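Listed below are the residues making up each chain.
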Amino acid sequence: MPTTDAERLGEELAGLDALELAPPTGSGAARRLWSAAWPKATAAALAVALWQAVVWSGWKPEYVLPGPAAVAGELARLAADGTLLQATSITLRRAAVGFALAVVIGVAVGCVVARVRLARAAVGSLVTGVLTMPSIAWFPLAILLFELSEQAILFVVVLGAAPAIANGLISGADHVAPLLVRAGRVLGARGWAAYRHVVLPASTPALLGGLKQGWAFAWRSLMAGELLVVIAGQPSIGFLLQVNRELADAPGLLATMTVILGIGIVVDTLFATAERRVRRRHGLVAPDLT
Amino acid sequence: MTPAPRPTVAPVVAGPAVAVRAPAGPEPSDAAFVLAGVTKVHGRGRDAVVALEGIDLTAGRGALVCVVGASGCGKTTLLHLLAGLDHPTRGRVATSSRAALMFQEAALFPWLTVARNVELALRLRGVVRRERRERARALLRMVHLEGFAAKRPHELSGGMRQRAALARALAQDADLLLMDEPFGALDAMTRDLLHDELESLWRDRALTVVFVTHNVREAARLADRVVVLSSRPGRVVADLPVTIERPRRIESPEVGELAAEVTDLLRAEVRRHAHD
């Protein structure tokens, strides 16, 4: 039995807390994984079935449009002889370097534009403008500036991704709840400290959305770049596509495309998972909706 | 001037608004804050709104002042002036120490755990890292949230969030706690417990509290002084000392009687605006 007023108050508060918090519900990790995986697996199976049906319909001869089995065989062969590993590693290295550069530039530009009113007026709409520009339109300029080199590809990849990342950060900073900024000021966070402790963390979900979009732009620009800018001794994935087309190697072409699609999906899933996790940590989604 | 002893149970009986002192020189050591002839106008030209006009208000250290008023009485402006978030158009605002401000919403940072929210407040006032964790834990224990340190704000109930916000405000080590309708969004049961909680913290930590509310019963339950503001512009229309003995209950007849008295004042004030 509580003896003092303070103890009684503590006990009453604890009782109220226990009543107000819903009892924890939750399912096992395996179950969650399964419920996330089966719709995707079913959709993939349906797509393959549709593809096979088109092949069987005889719409195009098999040397132009091979079936899933032939492509899978080719994929296995490419994987076994190391071609695929080499091409993927070259392409992914470029993607990583280009994306990393884009993150640095995009975050820097986003910070300045979100923070400085003059910069907002000057380059705010330019960022959106560059975002809507098709990346392929940059290539003639990139090739003039950097010739047929890796720099030309990276130039376009960065221009594709950085505006999306900057945009994400800017819109995140624009939508920080004023109450939180005020709460930060009351706690003594002004100027740069307010930025560091309130605005930037509050913008993280939007920044992650920008990173996801930036990645999609980077990946597209990279593929376009590798098709246009072929560098000797660097058999990238885009290079494989080009060779396959020239040799009219339809199974090889489709196998390469499958790899491109696969990488795109895997990375997008990683970003989506990170975004969802951050949004949940920020209390922006109801737990049972995720 | 000798500092007045801090009241423990018996409430301070406040006098009428104190006369303006010479602006130079330090404030007397027993005043927690002084508002002298404070007028605040929001906007300018035709859109100008006089939020506060000619406010003279001061409170000794350790006072628990409740400010009540109808809508548009500039209660929030008053707190912002005291917190230093805003400056008066005319007049003088002086506070003897740093003020901590609490809002109707807890305004906790949703990306930080409850403990980290408190630690951030400590960090922003320069407490070194190794001390922060221990002090945050002590503050959370004080508001009976020690078991929820690792939770995020959205995982807590409204009342728990306000207690966490209270712990964060106390982390600023301010002697002056400004509260802007902090319990307005809570159910009666929770609010009742939080009144007890606030009262014991106020007593134990020698705080000066300015508590803005539109709930007159709440004001009568908590205050040792109720300040009634008029609306548009906000002026002090009454400054009532509360001598009801503590511990008080919100249901008690004395509290009800005082609440009725304050309500009558507010109603008269509202009637004045019927033909605006």
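Just so you know, these numbers come straight off a predicted model, no measurement behind them.

(A) Up close: the sheet that holds strand S7 (residues 208–213) of chain B. All names here are of chain B. Reading across from one edge, S5-S6-S7-S3-S8-S9 is the order of the 6 strands in this open sheet, with mixed pairing throughout. A strand with exactly one partner marks an edge of an open sheet, and here the two such strands are strand S5 (99–102) and strand S9 (236–241). The sheet shows a mean angle of 15 degrees between the axes of neighbouring strands, direction not considered. Bridge analysis of strand S3 (residues 64–69) against S7 gives 5 bridges, and the strand direction is parallel. The residue bridging Val65 from the neighbouring strand is Val210, located in S7.

(B) Examining unusual backbone geometry more closely. Residues and elements named next belong to chain B. Cis geometry is found at the peptide bond from Arg232 to Pro233, where omega equals 0 degrees. Along the chain, the position of Pro233 falls in the loop between strand S8 (225–229) and S9. With an omega of 0 degrees, the peptide bond between Arg246 and Pro247 qualifies as cis. Looking at where Pro247 falls in the secondary structure, it is placed in the loop between S9 and helix H7 (253–272). Despite not being glycine, Glu181 has its phi angle at roughly 40 degrees, a positive value. Locating Glu181 in the fold gives a position in the loop between strand S6 (176–180) and helix H5 (188–204). Judged by local crowding, Glu181 falls into the partly exposed class, with 19 C-beta atoms found within 10 Å. Look at Arg232 and you get partly exposed, because 17 C-beta atoms sit within 10 Å.

Definitions and limits used
- Residues numbered from 1 in each chain as written.
- Chains lettered and ligands numbered in written order.
- Predicted model: local features only at pLDDT ≥ 70, side-chain atom pairs only at ≥ 80, totals over all residues.
- Pairing = 2+ DSSP bridges.
- Helix = DSSP H or I, 4+ residues; strand = E, 2+ residues; numbered from the N terminus.
- Axes fitted to C-alpha atoms, helices over the stretch in contact; angles between N-to-C directions.
- Buried ≥ 20, exposed ≤ 12 C-beta atoms within 10 Å, placed from the backbone.

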